[in-house]
Amino acid sequence: MADGTGNGEYKTFAGAGFGTMMVQLASGTTETPASASSRAYLRDGLPSLYTDGDFGMRFVGALESVLDPIVAVLDALPEHFDPDYAPRHILNLLSAWLGVTLDESQPITVQRDTIRRAAELGRRRGTKGGLELALSLAFPAVPLRVEDEGGVVWSVAAESVEVKPPQFVVYCDKPVDEKTQAAIARCIEQFKPVHTAYRLRVRAPKKKAPES
């Protein structure tokens, strides 16, 4: 029996002793819901028998909305391990795999470049070129140069000659603060040749002219 209120959105059903039940009619489209993503990896694999019904598509759509983030990560897995796109926690994982120590105080672009050239750093580690590469990656805005003192020792009388330990000098042609000096020293210790001594010479800041 129809509701006497004239409201077309409701129908009234009178029961024998069970009171009155009001049922609100569903409004809106009954078309198949859109895919949770452009992949449509679940619904595209269903037989046509199940794709014709609204319930089946809504059920599959709910599963797609839950699984879609996982599938998106799997689809983009190569980019997750690409130094240019990897999230920060993946960069830390890559640095542990490659044996590279990242300085978190450095910009993220510098850290990505260090990971990208980790193979070259490992291959040239312990050489002058490897140290220059490590310093240029870690401190791109600081002019640093490495000078190897070298030298040859010989004896005409075939006597033992005292040999000085090998050493080199790293020049910083720009005044930097003590924190940066300490960071440069840590980088040198990490990439310098074993059993070699070094000196770090930093340009002193210019003295202000006395006021007249």
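Presented here is an overview of the structure given in this document. (Residues numbered from 1 in each chain as written. Predicted model: local features only at pLDDT ≥ 70, side-chain atom pairs only at ≥ 80, totals over all residues. Heavy atoms only, no water.)

### A short note on helix H2 (residues 54–75)
Then, number 1: At Leu-67, H2 shows its largest kink, close to 45 degrees, and the proline Pro-69 lies no more than four residues downstream.
Then, number 2: When H2 is considered as a whole, its buried residues turn out to be Met-57, Val-60, Gly-61, Glu-64, Asp-68 and Val-71. (Bend = angle between axes of the 7 residues up to and from the residue. Helix = DSSP H or I, 4+ residues; strand = E, 2+ residues; numbered from the N terminus. Buried < 20%, exposed > 50% of the residue type's maximum accessible area, 1.4 Å probe, protein only.)

### Here's the deal with helix H7 (residues 128–138)
Then, number 1: The buried fraction of H7 is high, at 8 of 11 residues.
Then, number 2: For H7, the set of buried residues is Gly-129, Gly-130, Leu-131, Leu-133, Ala-134, Leu-135, Leu-137 and Ala-138.
Then, number 3: At its buried positions, H7 is contacted by helix H5 (108–116), helix H6 (118–123), strand S3 (144–148), strand S4 (167–172) and helix H8 (178–191). (Contact = heavy atoms within 4.5 Å.)

### A few points about the environment of Phe-81
Then, number 1: Relative to the elements of secondary structure, Phe-81 occurs in the loop between helix H3 (77–80) and helix H4 (88–98).
Then, number 2: On a C-alpha basis, the gap between Phe-81 and Leu-93 in space is 9.3 Å, while along the polypeptide they are 12 residues apart.
Then, number 3: Those residues within four positions of Phe-81 in sequence are excluded, and the remaining contacts are Ile-90, Leu-93, Leu-94 and Trp-97.

### A few points about the sheet that holds S3
Then, number 1: Pairing in this open sheet of 3 strands is mixed, and the strands run S3-S4-S5 from one edge to the other. Single-partner strands in this sheet number two, and they are S3 and strand S5 (197–202). Averaged over neighbouring strand pairs, the angle between their axes works out to 20 degrees when direction is ignored.
Then, number 2: Where S4 and S5 come together, 6 bridges link them in parallel fashion. (Pairing = 2+ DSSP bridges. Axes fitted to C-alpha atoms, helices over the stretch in contact; angles between N-to-C directions.)

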